[in-house]
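Architecture at a glance
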Amino acid sequence: MLDALRNNLQRVRQRIANACARAGRAPAEVTLVAVTKSVGVDAIRALHGLGVTDIGENRVQDARDKQAALGGRVGLRWHMIGHLQTNKVRHALQLFDSVDALDSLRLAAEVERRLACGAAAAARAACPYPVLIECNVSGEAGKFGVRPADLPALLDAVRALPHIRVEGLMAMAPFGDDPEATRPVFAALRELAVAARARSGLALPRLSMGMTQDFEVAVEEGATTVRVGTALFRGV
Ligand SMILES: *Cc1c(COP(=O)(O)O)cnc(C)c1O
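In this report, we go over the structure that sits alongside the text. (Residues numbered from 1 in each chain as written. Predicted model: local features only at pLDDT ≥ 70, side-chain atom pairs only at ≥ 80, totals over all residues. Heavy atoms only, no water.)

A separate point is the overall build of the chain. Of the regular secondary structure elements, the chain holds 10 helices and eight strands. For 236 residues, the compact-globule formula gives about 18 Å, and the C-alpha radius of gyration of the chain, at 17 Å, lands near that figure. Across its three principal axes, the chain shows a C-alpha extent of roughly 45 × 40 × 35 Å. The buried share of the chain, taken over its 236 residues, is 49%. Taking the contacts inside the chain whose residues are at least 6 apart along the sequence as the reference set, 61% of them involve residues at least 24 apart. Accessible surface computed for the chain: about 10600 Å², of which carbon and sulfur atoms make up 54%. (Helix = DSSP H or I, 4+ residues; strand = E, 2+ residues; numbered from the N terminus. Rg over C-alpha atoms; globule rule 2.2 N^0.38 Å. Buried < 20%, exposed > 50% of the residue type's maximum accessible area, 1.4 Å probe, protein only. Contact = heavy atoms within 4.5 Å. Areas by Shrake-Rupley, 256 points an atom, 1.4 Å probe, with all protein chains shown as cover.)

Before going further, it helps to spend a moment on the site of the ligand. Residues in close proximity to the ligand include Val-35, Lys-37, Asn-58, Ile-81, Met-172, Met-211, Thr-212, Arg-227, Val-228, Gly-229 and Thr-230, which together make up its full environment. A distance of 2.8 Å separates an oxygen atom of the ligand from a polar atom in the backbone of Gly-229. Thr-230 places a polar side-chain atom, nitrogen or oxygen, 2.5 Å from an oxygen atom of the ligand. In the complex, the protein chains occlude 87% of the 390 Å² of accessible area that the ligand would expose alone. Among the residues forming the shell around the ligand, the class breakdown is five nonpolar, four polar and two charged. (Near = heavy atom within 4 Å. Polar contact = N/O pair within 3.5 Å; in protein donor to acceptor, adjacent residues only side chain to side chain. Nonpolar A, V, L, I, M, F, W, Y, C, P; charged D, E, K, R; others polar.)

Our next topic: the nonpolar core. Counting 71 residues, the largest nonpolar core has Ile-16, Phe-96, Leu-102, Ile-133, Leu-169, Leu-189 and Val-226 as the members making the most contacts within it. Among residues more than four places away in sequence, those in contact with Val-226 are Ile-16, Val-30, Thr-31, Leu-32, Val-33, Met-209, Gly-210, Phe-215 and Val-219. (Core = buried A, V, L, I, M, F, W, Y, C linked by side-chain atoms within 4.5 Å.)

As a packed pair, helix α7 (residues 151-159) and helix α8 (residues 183-200) sit with axes 11 Å apart at the nearest point and diverge in direction by 50 degrees. As the angle between them shows, α7 and α8 are arranged oblique. With respect to the hand of their crossing, α7 and α8 are arranged in right-handed fashion. Between α7, through Leu-151, Pro-152, Leu-155, Asp-156 and Arg-159, and α8, the contact on the second element is made entirely by Leu-192, Ala-196, Arg-199 and Ser-200. (Axes fitted to C-alpha atoms, helices over the stretch in contact; angles between N-to-C directions. Parallel < 35°, antiparallel > 145°, perpendicular 65-115°, else oblique. Left-handed = near helix turned anticlockwise from the far one by under 90°.)

Since the α-helix packs 3.6 residues into each turn, any two residues three or four apart lie on the same face. Within the span of helix α2 (residues 41-49), buried status applies to Val-41, Ala-43, Ile-44, Ala-46 and Leu-47. The secondary structure elements touched by the buried residues of α2 are α1 (2-23), β1 (31-35), β2 (54-57), α3 (60-70), β3 (77-80) and α10 (230-233). Downstream of α2 by one or two residues, Gly-51 has phi in the positive range, about 95 degrees.

Attention shifts here to unusual backbone geometry. The phi dihedral of Val-74 falls on the positive side, at around 45 degrees, and the residue is not glycine. Its place among the elements puts Val-74 in the loop between α3 and β3. Using a relative accessible area of 33% as the deciding quantity, one classes Val-74 as partly exposed. For Leu-204, which is not glycine, the phi torsion reads 40 degrees and is therefore positive. Inspection of the secondary structure assignment puts Leu-204 in the loop between α8 and β7 (206-208). For Leu-204, a relative accessible area of 1% translates into the label buried.

All right, on to the environment of Ala-116 then. Positionally, Ala-116 belongs in helix α5 (residues 105-116). Along the sequence, Ala-116 and Leu-105 sit 11 residues apart, while their C-alpha atoms lie 16 Å from each other. Dropping the residues within four chain positions of it, Ala-116 is found in contact with Ala-121 and His-163.

A separate point is the side chain of Arg-206. The residue Arg-206 is located in strand β7 in this model. Since its relative accessible area comes to 14%, Arg-206 is described here as buried. If we ignore the near neighbours within four places in the chain, the residues touching Arg-206 are His-79, Ser-98, Asp-100, Leu-132, Glu-167, Gly-168, Leu-169, Thr-224 and Thr-225.

Given below as structure tokens:
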């Protein structure tokens, strides 16, 4: 497993570097989040040993089981990349270093409420909890994420919550075989971020977009975080 994983990881890193070169960007601008939802803790340990720093999981219960088996977060940064239900927020905040798919004010309010209670609330206000707002750029029905037209209002509401820091935007492209088909979606998320920065004055440095099917296109369009699972674990 280790050899295959090492090769896959090296190939993904090389493809990110090549996409950066095409776009005149530095590879250090792009963080690889290894999406481990389909693999067990052996793979997570191996990735850690190979220098991966960031892990993505899309279910609270899976992250809890895996951290229990690993003995905690073990120095990795854990990203909640899936839809988070409000009744799971308390656990999510114990398990994840950031919520990368915040998609409603209701959810943000629950995150704020959980962070604001308890003894460590003041300390947490000094170092607010990072989130990304998920945007449904393509407007697909049944998909999570705020509509572009509703982003300014959500951003204004969430930035007013003292224990939360909005670090940027996240999007899922439509599924398909042609990575070029997703380019307009990624370009649109980048433009949404440009407009939101100008309007709000927030730095919004992070753009999480791109998966196995299209991470190179996402990097060319400005992704600072790519979320890759299949390309790392295929054949492992
Ligand atoms: C599963 C998942 C990914 C990774 O998908 P792959 O195609 O396996 O690279 C990325 N983002 C989210 C939100 C996911 O659920």
